[in-house]
Amino acid sequence: MGEAGVFSIYVDNVVVESTSSSRTAKLIAMARQALEDAGLRCHPADAVSSDMEALGGRRTGQPPTSRLTRKRYWRLYDGVTFLVEVMQKATSRQMEVLIGHITFAGLFRRESLSVLRACYDFVRKDFVVAEPLWGSVVRELRTFKGILILLERRMDQGWSTDVWASDACETGHASVRGEWPLPTVRAVGSWQERWRFKVQRAPSGNAQEFARGASSNVPGRWEEVTTDVEANEFLQHMLPNVI
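Residue numbering note: each chain is counted from 1, following its sequence as written. Restriction of local features to residues with pLDDT of at least 70 applies here, the model being predicted, together with a cutoff of 80 or more for giving and counting side-chain atom pairs; totals for whole chains, interfaces and linings are based on all residues. As a rule here, side-chain values cover all heavy atoms of the structure and leave hydrogens and water aside.

**Details of the overall build of the chain**
Where we set the bar: Strands are runs of DSSP state E lasting at least two residues, helices are runs of H or I lasting at least four, and both sets are numbered from the N terminus onward. Only protein chains enter the area calculation, which uses a 1.4 Å probe; residues under 20% of their type maximum are buried, those over 50% are exposed, and those in between are partly exposed. We call two residues in contact when some of their heavy atoms are within 4.5 Å. With residues, only the protein chains shown are counted as cover, and all accessible areas are computed by Shrake-Rupley using a 1.4 Å probe.
Counting secondary structure elements, the chain contains eight helices and 10 strands. Out of the 243 residues belonging to the chain, those deemed buried represent 27%. A separation of at least 24 residues holds for 54% of the contacts in the chain among residues at least 6 apart in sequence. For the chain, the exposed surface amounts to about 16600 Å²; the carbon and sulfur share of it is 53%.

Take a look at the structure:
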């Protein structure tokens, strides 16, 4: 990000971030002027601050961290507790709404979203009348509630050259690791999430094949994508329409 700044737009809100308070104030003024020149009325901008809350999330500048707001955290925590410990039953629609809130919270630590599996099956059953929660559903919801406090992201974390992946296998689970050059890690890991709106069709192959760029016949090891150029060529081949 740096002093140059970045911005994001959500419906009718504009968020501007920079490592310089004066630069941030200038960018806000520029954004406001552009919107008003287009005929859009703007409410007064919030004061420039190193601590910001928006859409249930909180950003702090020192250290640069993103997490749920206390209000959003406790609302989700108490909601899951009430469903699991008091109601102990739900319709599929109610479960779907809860999963939506859980997914939003899980975006702060995306690996947390792997907790849910049976909850989606419960939704697919299309229960119109509230049904008792399955044991597997209760276990998943309790697990997610337990890790809610860990859903925090440091924005100043760097890339690691020690690359891991894990998945299920016939004997339970499997993990593989590889030591990648830093430019390759950065090239493959810098994923633009809006790519799906740019490509004509999704890439073929599974996620691991896409991430590593080549398959390996050696159990427990990855074939490395050895150069930044190779990684970029691979991404361009897989996603030719990405801008």
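**Here we look at the packing of helix 2 (residues 70–87) against helix 5 (residues 135–147)**
As a reminder of what qualifies: Only C-alpha atoms enter the line fits that serve as axes; for helices the fit covers just the stretch in contact. Angles between N-to-C directions range over 0 to 180 degrees. Roughly parallel refers to an angle under 35 degrees, roughly antiparallel to one over 145, roughly perpendicular to one between 65 and 115, and oblique to any angle outside these ranges. Two helices cross in a left-handed way if the nearer one is turned anticlockwise from the farther one by less than a right angle. They cross in a right-handed way if the turn is clockwise. Three residue categories are used. Nonpolar comprises Ala, Val, Leu, Ile, Met, Phe, Trp, Tyr, Cys and Pro, charged comprises Asp, Glu, Lys and Arg, and polar comprises the others, including Gly.
Between helix 2 and helix 5, the shortest axis-to-axis distance is 10 Å and the interhelical angle comes to 155 degrees. Here helix 5 runs roughly antiparallel to helix 2, going by the angle between their axes. Where helix 2 crosses over helix 5, the two elements pack in a sense that is left-handed. Judged by residue contacts, Leu76, Tyr77, Val80, Thr81, Leu83, Val84 and Glu85 of helix 2 engage Val138, Leu141, Arg142, Phe144 and Lys145 from helix 5. In terms of residue class, the contact of helix 2 with helix 5 is made up of eight nonpolar, one polar and three charged.

**Details of the sheet that holds strand 5 (residues 64–68)**
Short version of the rule: One bridge is not enough; two strands pair if DSSP finds at least two bridges between them.
Judged by pairing direction, the sheet is antiparallel, and its four strands sit side by side in the order 3-4-5-8 without closing on themselves. Of all the strands in the sheet, just strand 3 (51–54) and strand 8 (152–154) have a single pairing partner and so form its edges. Neighbouring strand axes in the sheet, compared pairwise and without regard to direction, differ in orientation by 15 degrees on average. Direction of pairing for strand 5 relative to strand 8: antiparallel, over a ladder of three bridges. Within strand 8, the residue paired with serine 66 across the bridge is arginine 153.

**Points about a nonpolar patch on the surface**
Rules: A residue counts toward a patch only above 30% relative accessible area and without a salt bridge, and it is joined to like-charged neighbours within 9 Å or, for Val, Leu, Ile, Met, Phe, Trp and Tyr, to nonpolar neighbours within 5 Å. One side-chain nitrogen of Lys or Arg within 4 Å of one carboxyl oxygen of Asp or Glu is enough to make a salt bridge.
Together, Phe82, Val86 and Met87 make up a nonpolar patch on the protein surface, roughly 270 Å² of accessible area in all. Among the structural elements, phenylalanine 82 can be located in helix 2. Taking relative accessible area as the criterion, phenylalanine 82 reaches 45% and is therefore assigned partly exposed.

**Description of the confidence of the model for the chain**
We apply this condition: The score called pLDDT rates the predictor's confidence residue by residue, from a low of 0 to a high of 100.
Averaged over all residues, the pLDDT of the chain equals 77, while 73% of them reach at least 70. Looking at the elements of the chain, mean pLDDT is at its lowest for helix 7 (residues 207–212), recorded as 49, and at its highest for strand 7 (residues 131–132), recorded as 96. Low pLDDT, under 50, characterises residues 200–208; the predicted model gives this stretch 10 contacts beyond four residues in sequence or across chains. Of the regions scoring below 50 in pLDDT, residues 213–228 engages in 35 contacts with residues more than four places distant in sequence or in other chains.

**Here we look at the pairing of strand 9 (residues 162–167)**
Relative to strand 10 (residues 174–179), strand 9 runs antiparallel, the two sharing six bridges. By the bridge assignment for strand 10, alanine 165 is matched with valine 176. In sequence, strand 9 turns back onto strand 10 through a hairpin of six residues, with glycine 172 there showing a positive phi of about 135 degrees.

**Structural notes on the nonpolar core**
Our working rule: Buried Ala, Val, Leu, Ile, Met, Phe, Trp, Tyr and Cys residues that are joined via side-chain atoms within 4.5 Å together make up what is termed a nonpolar core.
Ranked by size, the top nonpolar core spans 26 residues in total, and within it Leu76, Met95, Leu133, Val137, Leu141 and Leu148 carry the most contacts. If you list the elements that add at least two residues to this core, you get helix 2, helix 3 (92–106), helix 4 (118–124) and helix 5. Look past the residues within four positions of leucine 76 in its chain and what remains in contact with it is Leu98, His101, Ile102, Ala105, Phe144 and Leu148.

**Quick notes on the packing of aromatic side chains**
The line we're drawing: Only Phe, Tyr and Trp rings are paired, with Trp represented by its six-membered ring, and only when their centres lie within 6.5 Å; those with planes under 30 degrees apart are stacked, over 60 edge-to-face, the remainder tilted.
The final tally for this structure, using the stated rule, is seven aromatic pairs. Their ring planes at 85 degrees and their centres at 6.4 Å tell us that phenylalanine 104 and phenylalanine 108 sit as a pair that is edge-to-face. Residue classification places phenylalanine 104 among the partly exposed residues on the basis of a relative accessible area of 27%. Residue class for phenylalanine 108 comes out buried when judged on its relative accessible area of 15%. Aromatic side chains phenylalanine 122 and tryptophan 134 sit 5.2 Å apart centroid to centroid with 65 degrees between the ring planes, which places their arrangement in the edge-to-face category. One end of the pair, phenylalanine 122, is in helix 4; the other, tryptophan 134, is in the loop between strand 7 and helix 5, with 12 residues separating them in the sequence. Overall, tryptophan 134 belongs to the partly exposed group, its relative accessible area being 28%.

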